[in-house]
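# Structure at a glance
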Amino acid sequence: MKTIGVGLAGYGIGGAVFHAPLIRTTAGVRLVAVATSREEQVARELPGVGIVGSYADLAADPAIALVVISTPTSTHYEAAKAVIEAGKHLIVDKPFTTTVAEADELIALAAAKGVLLSVYQNRRWDGDFLTVERLIREGALGSVYYFESHFDRFRPAIKGGWRDEPGPGSGIWYDLGSHLVDQAIHLFGRPESVLADVMTQRPEAQSVDYFHVVLRYGRMRAIVHGSSLVREPGPHFAVHGDGGSFLKYGMDPQEEALRTGSLPLGPAWGQDAEENYGLLVRADGTRERVKTEAGCYSRYYELMAAAIRGEGPVPVDPMDARDGLQVLEAAAKCRIG
């Protein structure tokens, strides 16, 4: 099996935590170079990996077949367009771009150039989401009429950085909401319409730090919610159908493990603590703790490598990300403050 050379543009949290460890541990891919100004950090953490100045250098390297864009959202379109025009396969961090028009142009350009394009929506491989997906697929909840997912945090102080600054693609609606919208679209498809409450709550905040958005699917409702002022979160997932309900507290453990330097290796990776298993209540009132599926972010890169080898589709279709951007754009127009 020929090894696929990978170039990574950006070495902030996205590049250092969510991409480099997965590339390093996925069979069939090799991290060739990183485009970053954080030269000392890369040299320390990724010995033997090249360091270059820009995504253009990655696109020009004949040893690189796949480029990963993990830079601020406002730069995605420009960087992605240059990489596609250079004939490289491409992964773009979520959110794909800042507008649907930009996404449409990149999708058409990738098709014209004959390169593969995918958007990094790693939360499709959260263990709790995989559990919800399985329960719905198996019919454990009957016909689903209500789906709610939360991404709440407690950050009363402004941390700083581009996500907290005003501008295209900043704020938690584009940052965290893009995950939740993608999960809903993956489960239920493109919504018929959107109702949105998007705002800035913290007095010193300059970007969106609260959202409550309803995706309407006939008689079914999917609610995605996020806040920066939740000290004690409620359920991460609440799913109700005519066959029962499922409630799941707590977040997938993979992000925390990656942030502390663990690599996604071994059978213990992505395993949820037993006390965090979700509760399934069937229509007859019987209650059952459901073991959480193992989370597996590495699966994204396994599928992308297989797609490049011609062995299947890309792990996340860019059209899904484009549909997600339609929701993000529509809701953003309702912003207050």
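Residues numbered from 1 in each chain as written. Predicted model: local features only at pLDDT ≥ 70, side-chain atom pairs only at ≥ 80, totals over all residues. Heavy atoms only, no water.

### What about the pairing of strand E12 (residues 244–248)?
A regular strand places its side chains on the two faces of the sheet in alternate fashion. Threshold: Summary of the burial criterion: residues with accessible area below 20% of their type's maximum are buried, those above 50% are exposed, and those between are partly exposed, where the area comes from a 1.4 Å probe applied to protein chains only. Runs of H or I in DSSP of at least four residues are treated as helices and runs of E of at least two as strands, each being numbered from the N terminus. When DSSP finds two or more bridges between two strands, those strands count as paired.
Side chains Gly-244, Phe-246 and Lys-248 project from E12 onto a buried face, and the interleaved Ser-245 and Leu-247 project onto a face without burial. Bridging between strand E11 (residues 237–241) and E12 involves 5 bridges; their strand directions are antiparallel. Bridging across to E12, Phe-237 finds its partner in Lys-248. Counting the residues in the hairpin turn of E11 and E12 gives 2 residues. In this sheet, strand E13 (residues 278–282) lies alongside E12 in antiparallel orientation, the contact comprising 4 bridges.

### Structural notes on the sheet that holds strand E3 (residues 50–52)
Strand pairs in the sheet, formed through backbone hydrogen bonds, run parallel or antiparallel to each other. The following threshold applies: In this analysis, axes come from line fits to C-alpha atoms, helices being fitted only over the stretch in contact, and the angle between any two N-to-C directions falls in the range 0 to 180 degrees. Contacts between residues were defined by any pair of non-hydrogen atoms, one from each residue, lying within 4.5 Å.
The strand order across the open sheet built from 6 strands is E3-E2-E1-E4-E5-E6, with neighbouring strands paired in parallel fashion. The sheet terminates laterally at E3 and strand E6 (117–120), the two strands that pair on one side only. The mean angle between the axes of side-by-side strands here comes to 25 degrees, regardless of whether they run parallel or antiparallel. Bridge analysis of strand E5 (residues 89–93) against E6 gives 4 bridges, and the strand direction is parallel. The residue of E6 that forms the bridge with Leu-90 is Leu-117. The strands that helix H4 (residues 76–85) touches are strand E4 (66–69) and E5; relative to E5, the one it contacts most, it runs at about 170 degrees.

### Observations regarding the pairing of strand E7 (residues 144–152)
For E7, the buried fraction is high: 7 of the 9 residues fall into the buried class. Pairing of E7 with E11 involves 5 bridges; the strand directions are antiparallel. When the sheet's bridge partners are listed, Ser-149 is paired in E11 with Phe-237. The pairing of E7 with strand E10 (residues 220–227) spans 7 bridges and is parallel.

### Observations regarding the sheet that holds strand E8 (residues 193–199)
In space, the 9 strands of this open sheet follow the order E14-E13-E12-E11-E7-E10-E9-E8-E15, with mixed pairing throughout. Edge positions in the sheet fall to strand E14 (287–290) and strand E15 (335–336), since each of these pairs with one other strand and no more. Its contacts with the sheet place helix H11 (residues 318–332) against E8, strand E9 (210–217) and E15, and it is angled at close to 55 degrees to E8.

### Concerning H11
Keep this limit in mind: A helix's residues, less one, multiplied by 1.5 Å, set its expected span.
With 15 residues, H11 should cover 21 Å at 1.5 Å per step; its first-to-last C-alpha distance of 21 Å lies within 8% of that length. Within the span of H11, buried status applies to Pro-318, Ala-321, Arg-322, Asp-323, Gly-324, Leu-325, Val-327, Leu-328 and Ala-331.

### Some words on the packing of aromatic side chains
We describe a pair of aromatic rings using the distance from one ring centre to the other and the angle between the two ring planes. Selection criterion: Each pair of aromatic rings taken from Phe, Tyr and Trp, with Trp reduced to its six-membered ring, is defined by centres within 6.5 Å and is described as stacked if the planes are under 30 degrees apart, edge-to-face if over 60, and tilted in the remaining cases.
In total, this model carries 9 aromatic pairs according to the counting rule given. Taken together, a centroid distance of 5.0 Å and an interplanar angle of 85 degrees make the contact between Tyr-120 and Tyr-300 edge-to-face. One end of the pair, Tyr-120, is in strand E6; the other, Tyr-300, is in helix H10 (residues 298–308), and 180 residues separate them in sequence. Accessibility classification places Tyr-120 together with Tyr-300 in one group, the buried group. Their ring planes at 55 degrees and their centres at 5.8 Å tell us that Phe-188 and Tyr-217 sit as a pair that is tilted. With a gap of 29 residues between them, Phe-188 in helix H8 (residues 177–188) and Tyr-217 in strand E9 connect regions that are remote in the sequence. Taken together through their ring pairs, the aromatic side chains of Phe-129, Phe-147, Phe-188, Tyr-217 and Phe-237 make up a single cluster.

### Structural notes on the pattern of salt bridges
Side-chain pairing between opposite charges can occur once the charged atoms of the two side chains come close. Here is the rule: Salt bridge, as applied in this entry: a Lys or Arg side-chain nitrogen positioned within 4 Å of an Asp or Glu carboxyl oxygen.
Taken as a whole and assessed by the stated rule, the structure comprises 16 salt bridges. Here Arg-123 ties to Glu-255 by a salt bridge, and the two come within 2.4 Å at their closest N and O atoms. Taken together, the positions of Arg-123 in the loop between E6 and helix H6 (127–138) and Glu-255 in helix H9 (residues 254–259) put the pair 132 residues apart, joining distant regions of the chain. Residues participating in the shared-partner salt-bridge network are Arg-123, Asp-126, Glu-255 and Arg-259.

### Examining the nonpolar core
Formally: Among buried residues, those of type Ala, Val, Leu, Ile, Met, Phe, Trp, Tyr and Cys that are joined through side-chain atoms within 4.5 Å constitute a nonpolar core.
Counting residues in each nonpolar core, the largest one holds 60 residues, and the members touching the most others are Ile-69, Leu-90, Phe-96, Trp-173, Phe-211 and Val-213. The dominant element in this core, judged by the number of residues it contributes, is helix H5 (residues 100–113), at 6 residues. With residues near it in sequence (within four places) discarded, Ile-69 still touches Ala-9, Tyr-55, His-76, Ala-79, Val-83, Leu-90, Ile-91, Val-92 and Asp-93. The next biggest cluster of nonpolar side chains, apart from the first, holds 32 residues, and it includes Tyr-11, Phe-18, Val-42 and Tyr-297.

The analysis is restricted to geometry; functional conclusions fall outside its scope.
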